[in-house]
Amino acid sequence: DLYDRPARELLGSPMISLLDESLRDEAERSFEDSDKLGQVQFESLIRRSDGTLIPAQMDVVSVRNENGELLYRVATMQDISARRNAEEAVRESEGKLRLFVEYAPAAVAMLDQDLNYVAASQRWLLDYGLEADIVGRNHLIEFPDIPDRWKSILNECLAGEIHSADEDEFRRDDGSSQWLKWEVRPWIDSLGDVGGIMIFREDVSERRRRNANLAFL
């Protein structure tokens, strides 16, 4: 039970009295916003009689008469503990994954579903000449000359597929070539959904040149 008290005990009590004291001023401002806008949604904490705090979503609708005078407010509260716990689990899981990416010795990047950087290893930043504050920047903007084939691969991996290659030529606009060993796979959040993609890359251009030279001996 959200309130842990009989409904008869709540009758006549201001709804704001159910909230934790530290959040009542903020809630009052939200009520005032509802009076101006007609309705509002916000999150707060309900303090139960045993002192425990329950996160709740509040939806408030202000009802006026034909003259525009405020008659009353209709408010509902929903326990969002499960959602908050799930969100915290996702943050913890993503935090561990970000640490893995950042300290990986290889070139690794972690992107969200919009292909914005969530994390990148130092090797990735060095290999591609990117700044340390890459988080939040878009991969397609950082690599404007990325071919359409690669864009398709990224989109397919966002849909759950895994792609890889041992030697793949990447030709830049200036005519130079780079040979890469790579793998792109989705990363899964704590809710079981695709949170984005992981890109693992290794520059094998030098190895390919050595092998090509040996072939002529």
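Conventions we followed
Residues numbered from 1 in each chain as written. Predicted model: local features only at pLDDT ≥ 70, side-chain atom pairs only at ≥ 80, totals over all residues. Heavy atoms only, no water. Helix = DSSP H or I, 4+ residues; strand = E, 2+ residues; numbered from the N terminus. Buried < 20%, exposed > 50% of the residue type's maximum accessible area, 1.4 Å probe, protein only. Contact = heavy atoms within 4.5 Å. Areas by Shrake-Rupley, 256 points an atom, 1.4 Å probe, with all protein chains shown as cover. Pairing = 2+ DSSP bridges. Axes fitted to C-alpha atoms, helices over the stretch in contact; angles between N-to-C directions. Core = buried A, V, L, I, M, F, W, Y, C linked by side-chain atoms within 4.5 Å.

Peer 1: Hey, could you run me through the overall build of the protein chain in this one?
Peer 2: A count of helical and extended segments in the protein chain gives 7 helices and 8 strands. Burial statistics for the protein chain: of 217 residues in total, 36% are counted as buried. For the protein chain, the proportion of contacts with a sequence separation of at least 24, taken over those separated by at least 6, is 40%. Carbon together with sulfur atoms contributes 48% to the accessible area of the protein chain, which is approximately 13,300 Å² in total.

Peer 1: I would appreciate a short explanation of the sheet that holds strand E5 (residues 117-120) in the present structure.
Peer 2: Backbone-to-backbone hydrogen bonds pair the strands of a sheet. The strands run either parallel or antiparallel. In space, the 5 strands of this open sheet follow the order E5-E4-E8-E7-E6, with antiparallel pairing throughout. The open sheet has two edge strands with one neighbour each: E5 and strand E6 (163-171). For this sheet, the mean angle separating the axes of adjacent strands, direction not counted, is 25°. The sheet contact formed by strand E7 (residues 177-188) and strand E8 (residues 194-203) spans 9 bridges and is antiparallel. Its bridge partner lying in E8, Ile 188 is registered against Val 194.

Peer 1: Is there a simple way to think about the nonpolar core in this case?
Peer 2: Here is a general trend for soluble globular proteins: nonpolar side chains tend to be buried in one another's company. Counting residues in hydrophobic clusters, the biggest one holds 25 residues, and the most contacted among them are Tyr 117, Trp 124, Leu 130, Leu 154, Val 184 and Ile 197. Breaking this core down by element, the ones donating at least two residues are strand E4 (107-112), E5, helix H4 (122-127), helix H6 (148-158), E6, E7 and E8. No other element matches H6, which puts 5 residues into this core. In this structure Trp 124 touches Ala 107, Val 108, Ala 109, Tyr 117, Leu 130, His 139, Phe 143, Ile 199 and Arg 201, once residues within four positions along its chain are discounted. Judged by nonpolar contacts, the second largest core, of 12 residues, contains Ala 27, Phe 31, Ile 46 and Met 58.

Peer 1: What's the story with the pairing of strand E3 (residues 70-79) in this structure? I'm lost.
Peer 2: One face of the sheet, then the other: side chains in a regular strand alternate in exactly this way. By the bridge criterion, 9 bridges tie strand E2 (residues 53-64) to E3 in an arrangement that is antiparallel. The residue bridging Arg 64 from the neighbouring strand is Leu 70, located in E3.

What is shown is where atoms sit, not what they do.
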